[in-house]
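Coordinate analysis (summary)
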Amino acid sequence: MARHKIALIGAGQIGGTLAHLAGLKELGDVVLFDIAEGIPQGKGLDIAESAPVDGFDAKYKGANDYSAIEGADVIIVTAGVPRKPGMSRDDLIGINLKVMEAVGNGIKQYAPNAFVICITNPLDAMVWALQKFSGLKPEKIVGMAGVLDSARFRHFLAEEFNVSVKDVTAFVLGGHGDDMVPLVRYSTVAGVPLPDLVKMGWTTQEKLDAMVERTRKGGGEIVNLLKTGSAFYAPAASAIAMAESYLKDQKRVLPCAAYLSGQYGVNGMFVGVPIVIGENGVERIVEVEFSADEKAMFEKSVASVQGLIDACKQINATLA
Ligand SMILES: NC(=O)c1ccc[n+]([C@@H]2O[C@H](COP(=O)([O-])OP(=O)(O)OC[C@H]3O[C@@H](n4cnc5c(N)ncnc54)[C@H](O)[C@@H]3O)[C@@H](O)[C@H]2O)c1
Ligand SMILES: O=C(O)C[C@H](O)C(=O)O
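Keep in mind that what you see is a predicted model, and the values were worked out from it rather than measured. (Residues numbered from 1 in each chain as written. Chains lettered and ligands numbered in written order. Predicted model: local features only at pLDDT ≥ 70, side-chain atom pairs only at ≥ 80, totals over all residues. Heavy atoms only, no water.)

Here we take up the site of ligand 2. Around ligand 2 sit Arg 83, Arg 89, Asn 121, Leu 148, Arg 152, His 176, Gly 219, Ser 230 and Ala 231, and those are all the residues in its vicinity. Within the contact set of ligand 2, an oxygen atom lies 2.5 Å away from a side-chain nitrogen or oxygen of Arg 83. Side-chain polar atom of Asn 121 to an oxygen atom of ligand 2: 2.8 Å apart, as the coordinates give it. For ligand 2, the accessible surface in isolation is 260 Å², of which the surrounding protein chains cover 95%. When atom positions are compared with the pocket grids, ligand 2 is found to occupy the largest pocket. Tallied by class, residues from the shell around ligand 2 come to two nonpolar, four polar and three charged. Two domains each provide a minimum of three residues to the shell around ligand 2, namely domain 1 (5-144) and domain 2 (146-314). (Near = heavy atom within 4 Å. Polar contact = N/O pair within 3.5 Å; in protein donor to acceptor, adjacent residues only side chain to side chain. Areas by Shrake-Rupley, 256 points an atom, 1.4 Å probe, with all protein chains shown as cover. 1 Å grid on protein atoms, 1.4 Å probe; cavity = no way out; pocket = protein on both sides within 12 Å on 5 of 7 lines; lining within 4 Å. Sits in = over half its atoms within 2 Å of the grid points. Nonpolar A, V, L, I, M, F, W, Y, C, P; charged D, E, K, R; others polar. Domains from an automatic or database assignment.)

Next comes the structure, spelled out in structure tokens:
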């Protein structure tokens, strides 16, 4: 059986990490595409030269021409610019929307049947625009944010409870902004919901609230530390988990920005919700019940995403 083909559009910090992880996990052969000449070729060659040491088989190709992505099974998009300290993700909208137009046209021409994972920020608006520009079926395109935001929450929880991250589950839904929705009722340690752990005295409500807030600001925390760009190890690991679920038909239940057509009362937008990813792409959108407070938080987050989509339509009239 031929190996899968994984195309990475954007060969920067996340793109390079994705390429390395895809090889280490033997997910398939990798094409790195970027507008910067030499970067995708250099990163591809460097990683290919690590393969004999780590003992994995994968072919690497760097390219500056979209024809190289032809026939890709999975495409992960990180093309664009990241934020720097003092900026919000939303400040990237103008420049990255133009990038999504070029990327969408490339996908439409060379890989219209791929499963596409968008990472570029502001995430929920960029994945929406990328779907419009590429014409991909809504079940074949998702945005990566919830897996990352949930992983951050899981890390903070595992540190607080001094337990293995493997025994901590978390669901962060909504848009990938500071008003994202970490759902404490649906987050657990060994299956015990977080509010019960507060009742048991294992942590306090104040500490839990602080972890929720730190999760919401998790991206900015890394930006302020790095100063030159944003997080890339955890974002790449998160997108690889999504790609692996598709390529291996794992049917994992992961929080991702998915196209909603009425679910959660939302129509025609991509917002972070739990979905099942299998060989058909988005195979199910899981509609969990919200309390009144959770519903209000989710609606506030959706309103922020709607504002970004409206801004995209203002910038590019073809999207209106
Ligand atoms: N969704 C998330 O959770 C999440 C997490 C982290 C970062 N991000 C976003 O991902 C994006 C990439 O982050 P990064 O750290 O890899 O940035 P980076 O600057 O290291 O890499 C971006 C790459 O995109 C390339 N590029 C720019 N315009 C292009 C175009 N038109 N076509 C092809 N390539 C193009 C650049 O040359 C660069 O190599 C940013 O927008 C960032 O905000 C999102
Ligand atoms: O915060 C950013 O700008 C990058 C990304 O969205 C993140 O959450 O790490």
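Summed over all chains, the structure comprises one cavity of 30 Å³ or more. By volume, the largest cavity amounts to about 60 Å³. Lining of the largest cavity is provided by 14 residues; of these, Ala 145, Gly 146, Val 172, Gly 174 and Gly 272 occupy positions nearest its centre. Of all elements in the fold, only α5 (146-161), β8 (172-173) and β12 (252-261) reach the threshold of two or more residues within the lining of the largest cavity. Per-element accounting of the lining of the largest cavity gives the leading share, three residues, to β12. (Points joined across faces, edges and corners; volume = space filled by probe spheres on them. Helix = DSSP H or I, 4+ residues; strand = E, 2+ residues; numbered from the N terminus.)

This part covers the site of ligand 1. In the vicinity of ligand 1 there are 25 residues, among which Gln 13, Asp 34, Val 81, Ile 119 and Met 144 approach most closely. In this structure, an oxygen atom belonging to ligand 1 sits 2.8 Å away from a main-chain N or O atom of Gln 13. Between an oxygen atom of ligand 1 and a main-chain N or O atom of Gly 80, the distance comes to 3.3 Å. Burial of ligand 1 by the protein chains amounts to 87% of its free accessible area of 860 Å². When atoms are counted within 2 Å of each cavity's grid points, the one that captures over half of ligand 1 is the largest pocket. Class assignment of the residues belonging to the shell around ligand 1 gives a composition of 15 nonpolar, nine polar and one charged.

Here the focus is the nonpolar core. Within soluble globular proteins, side chains that are nonpolar generally end up buried alongside one another. In terms of nonpolar packing, the biggest core is built from 87 residues, with Ile 9, Ile 75, Ile 107 and Phe 298 touching the most fellow members. Looking at this core element by element, the count peaks at eight residues for helix α4 (residues 123-134). Two domains each donate at least three residues to this core, and these are domain 1 (5-144) and domain 2 (146-314). In contact with Phe 298, other than residues within four places in its own chain, are Leu 173, Gly 174, Val 181, Tyr 264, Val 266, Val 271, Gly 272, Val 273 and Phe 290. Counting residues in each nonpolar core, the second largest holds 16 residues, with Phe 153, Leu 157, Val 168 and Leu 197 among its members. (Core = buried A, V, L, I, M, F, W, Y, C linked by side-chain atoms within 4.5 Å. Buried < 20%, exposed > 50% of the residue type's maximum accessible area, 1.4 Å probe, protein only. Contact = heavy atoms within 4.5 Å.)

This next bit is on the layout of surface pockets. Taken as a whole, the largest pocket encloses approximately 940 Å³ of empty space. Along the walls of the largest pocket sit 44 residues, with Thr 78, Ala 79, Gly 80, Val 81 and Pro 82 positioned nearest its centre. Counting residues per element, the ones that place at least two in the lining of the largest pocket are α1 (13-24), α3 (93-110), α5 and α8 (218-226). Of all the elements, α3 adds the most residues to the lining of the largest pocket, at four residues. Partitioned by chemical class, the residues of the lining of the largest pocket number 25 nonpolar, 14 polar and five charged. Looking at which domains feed residues into the lining of the largest pocket, each of domain 1 (5-144) and domain 2 (146-314) supplies at least three. If you trace the second largest pocket, you find 17 residues lining it, with Val 147, Arg 154, Ala 170, Arg 252 and Leu 254 closest to the centre. Among the elements of the structure, α5, β7 (168-169), α9 (233-247) and β12 are those that each provide at least two residues to the lining of the second largest pocket. For the lining of the second largest pocket, the residue count by class is 12 nonpolar, three polar and two charged.

Looking now at the pairing of strand β2 (residues 29-33). With four of its five residues buried, β2 lies for the most part within the structure. Where strand β1 (residues 5-9) and β2 come together, five bridges link them in parallel fashion. Bridge assignment links Ala 7 to a residue of β2, and that residue is Val 31. In terms of handedness, the path from β1 via α1 over to β2 forms a crossover that is right-handed. Here four bridges tie β2 to strand β3 (residues 60-63), and the two strands are oriented parallel to one another. By the bridge assignment, Val 30 is partnered in β3 with Tyr 60. At this point the chain moves from β2, through helix α2 (residues 39-54), to the parallel β3, and the crossover so formed is right-handed. (Pairing = 2+ DSSP bridges. Right-handed = clockwise from strand over helix to strand, strands pointing away.)

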